[in-house]
Amino acid sequence: MNQDRLMQVLVAPHVSEKSAGLAEAQTQHVFKVVPDATKLEIKKAVELMFSVKVAGVRVVNMPGKRKTFGRRPGRRNDWRKAYVTLAEGQDIDFGGAE
(Lines give C-alpha, C1' and ligand atoms only; values in the text may rest on other atoms or scores of the structure.)
Protein backbone atom coordinates (compact mmCIF):
# COMPACT_ATOMS: atom_id res chain seq x y z
CA MET A 1 0.00 0.00 0.00
CA ASN A 2 1.13 3.50 -0.76
CA GLN A 3 2.43 5.31 2.33
CA ASP A 4 0.96 8.63 1.13
CA ARG A 5 -2.48 7.03 0.97
CA LEU A 6 -2.08 5.59 4.49
CA MET A 7 -1.21 9.04 5.86
CA GLN A 8 -4.53 10.39 4.51
CA VAL A 9 -6.83 7.59 5.70
CA LEU A 10 -7.25 8.82 9.30
CA VAL A 11 -8.98 12.20 9.46
CA ALA A 12 -9.17 12.75 13.24
CA PRO A 13 -9.84 10.94 16.50
CA HIS A 14 -13.55 10.96 17.36
CA VAL A 15 -13.97 12.32 20.89
CA SER A 16 -17.17 11.55 22.78
CA GLU A 17 -18.24 10.04 26.09
CA LYS A 18 -18.64 6.65 24.48
CA SER A 19 -15.21 6.72 22.83
CA ALA A 20 -13.54 7.83 26.08
CA GLY A 21 -15.16 4.94 27.94
CA LEU A 22 -14.06 2.45 25.29
CA ALA A 23 -10.49 3.76 25.39
CA GLU A 24 -10.28 3.25 29.16
CA ALA A 25 -12.12 -0.05 29.48
CA GLN A 26 -11.34 -2.05 26.35
CA THR A 27 -8.32 -0.39 24.66
CA GLN A 28 -10.49 0.61 21.71
CA HIS A 29 -10.05 3.95 19.97
CA VAL A 30 -12.48 5.64 17.58
CA PHE A 31 -11.30 7.53 14.49
CA LYS A 32 -13.04 9.51 11.78
CA VAL A 33 -11.78 8.12 8.46
CA VAL A 34 -12.19 8.91 4.78
CA PRO A 35 -15.37 7.41 3.26
CA ASP A 36 -13.58 5.01 0.88
CA ALA A 37 -11.12 3.56 3.45
CA THR A 38 -11.00 -0.21 3.87
CA LYS A 39 -10.42 -2.09 7.12
CA LEU A 40 -6.93 -3.14 6.03
CA GLU A 41 -5.98 0.46 5.14
CA ILE A 42 -7.23 1.69 8.53
CA LYS A 43 -5.26 -1.02 10.34
CA LYS A 44 -2.03 -0.23 8.46
CA ALA A 45 -2.51 3.53 8.98
CA VAL A 46 -2.95 3.22 12.76
CA GLU A 47 0.05 0.90 13.01
CA LEU A 48 2.16 3.30 10.93
CA MET A 49 1.16 6.52 12.71
CA PHE A 50 1.11 5.35 16.32
CA SER A 51 3.56 2.38 16.30
CA VAL A 52 1.09 -0.01 17.92
CA LYS A 53 -0.24 -3.48 17.08
CA VAL A 54 -3.90 -3.53 15.97
CA ALA A 55 -6.01 -6.58 16.83
CA GLY A 56 -9.18 -5.63 14.91
CA VAL A 57 -11.10 -2.91 13.08
CA ARG A 58 -14.86 -2.34 12.86
CA VAL A 59 -16.26 0.31 10.52
CA VAL A 60 -19.56 2.23 10.71
CA ASN A 61 -21.05 4.49 8.03
CA MET A 62 -22.73 7.46 9.72
CA PRO A 63 -25.47 9.26 7.79
CA GLY A 64 -25.45 13.06 7.76
CA LYS A 65 -28.04 14.85 9.86
CA ARG A 66 -30.78 17.05 8.45
CA LYS A 67 -30.30 20.62 9.66
CA THR A 68 -31.53 24.10 8.87
CA PHE A 69 -28.91 26.62 7.78
CA GLY A 70 -30.53 29.98 8.41
CA ARG A 71 -33.93 29.61 6.76
CA ARG A 72 -32.88 26.93 4.32
CA PRO A 73 -33.14 23.21 5.01
CA GLY A 74 -29.92 21.34 4.43
CA ARG A 75 -28.07 18.18 5.16
CA ARG A 76 -24.63 17.48 6.61
CA ASN A 77 -22.28 15.15 4.76
CA ASP A 78 -22.19 11.43 5.43
CA TRP A 79 -19.05 10.24 7.21
CA ARG A 80 -17.36 7.07 8.36
CA LYS A 81 -15.88 6.07 11.69
CA ALA A 82 -13.67 3.17 12.68
CA TYR A 83 -13.48 1.37 16.02
CA VAL A 84 -9.86 0.17 16.32
CA THR A 85 -9.11 -2.54 18.91
CA LEU A 86 -5.49 -2.65 20.04
CA ALA A 87 -3.56 -5.79 20.98
CA GLU A 88 -2.84 -6.65 24.64
CA GLY A 89 -0.44 -4.21 26.27
CA GLN A 90 -0.73 -1.59 23.50
CA ASP A 91 -1.99 1.97 24.07
CA ILE A 92 -2.26 5.26 22.20
CA ASP A 93 -1.58 8.44 24.19
CA PHE A 94 -3.39 11.50 22.83
CA GLY A 95 -2.35 13.58 25.88
CA GLY A 96 0.52 15.35 24.14
CA ALA A 97 4.18 15.78 24.93
CA GLU A 98 5.07 17.01 28.40
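Before any of the text, the structure's been laid out above.
As the structure is a prediction and not an experimental result, all values here were calculated from the model.

Scoring rules and cut-offs
- Position numbers for residues count from 1 along each chain, tracking the sequence in the order it is written.
- Two thresholds apply to this predicted model, a pLDDT of at least 70 for residue-level local features and 80 or more for giving and counting side-chain atom pairs, whereas whole-chain, interface and lining totals are computed over all residues.
- Side-chain figures throughout are based on the complete set of non-hydrogen atoms in the structure, without hydrogens or water.
- Only DSSP runs of H or I covering at least 4 residues are called helices, and only runs of E covering at least 2 are called strands; the numbering of each starts at the N terminus.
- Residue burial is assigned from relative accessible area. The probe radius is 1.4 Å, only protein chains are included, and a residue is buried under 20% of its type maximum, exposed over 50%, and partly exposed in between.
- Each accessible area value is a Shrake-Rupley result obtained with a 1.4 Å probe; residue values ignore everything except the protein chains displayed when judging cover.
- Neither His nor the chain termini are counted; the positive set is Lys and Arg, and the negative set is Asp and Glu.
- Lysine's charge is taken at NZ, arginine's at CZ, aspartate's at CG and glutamate's at CD.
- Salt bridges are defined by distance alone: a side-chain nitrogen of Lys or Arg within 4 Å of a carboxyl oxygen of Asp or Glu.
- Aromatic pairs are defined between Phe, Tyr and Trp rings, using the six-membered ring for Trp, whenever the two ring centres lie within 6.5 Å; interplanar angles under 30 degrees are classed as stacked, those over 60 as edge-to-face, and all others as tilted.
- Counted as over-ring charges are cases with an Arg CZ or a Lys NZ within 6 Å of the ring centre that also lie within 35 degrees of the ring normal.

Chemist: Help me get a handle on the overall build of the chain, residues and values and all.
Modeler: Each helix and strand counted, the chain has three helices and six strands in total. Seen through its principal axes, the chain has C-alpha atoms that stretch 50 × 30 × 30 Å. Burial analysis of the chain (98 residues in total) assigns 29% to the buried set. For the chain, the accessible area works out to roughly 7,000 Å², and carbon and sulfur atoms hold 49% of it. Of note, the chain has its 17 positive side-chain charges centred 14 Å away from the centre of its 11 negative side-chain charges.

Chemist: Tell me what's going on with the pattern of salt bridges, and back it up with residues and numbers.
Modeler: Counted by the stated rule, this structure contains three salt bridges. The partner of Arg5 in a salt bridge is Asp36, with the nearest N and O atoms 3.4 Å apart. You can see Arg5 sitting in helix H1 (residues 3–9) and its partner Asp36 sitting in the loop between strand E2 (28–33) and helix H3 (39–50), a full 31 residues away along the chain. Note that Glu41 is salt-bridged to Arg5, the shortest N-O span being 3.0 Å. Of this pair, Glu41 sits in helix H3 while Arg5 sits in helix H1, and the two are 36 residues apart along the sequence. Taking relative accessible area as the criterion, Arg5 reaches 24% and is therefore assigned partly exposed. Here the salt bridges do not stand alone but share partners, grouping Arg5, Asp36 and Glu41 into one network.

Chemist: Can you tell me about the packing of aromatic side chains, naming the residues and giving the values?
Modeler: Evaluated as defined, the whole model comprises one aromatic pair. Between the NZ or CZ atom of Arg58 and the centre of the ring of Tyr83, over which it lies, the distance is 5.9 Å.

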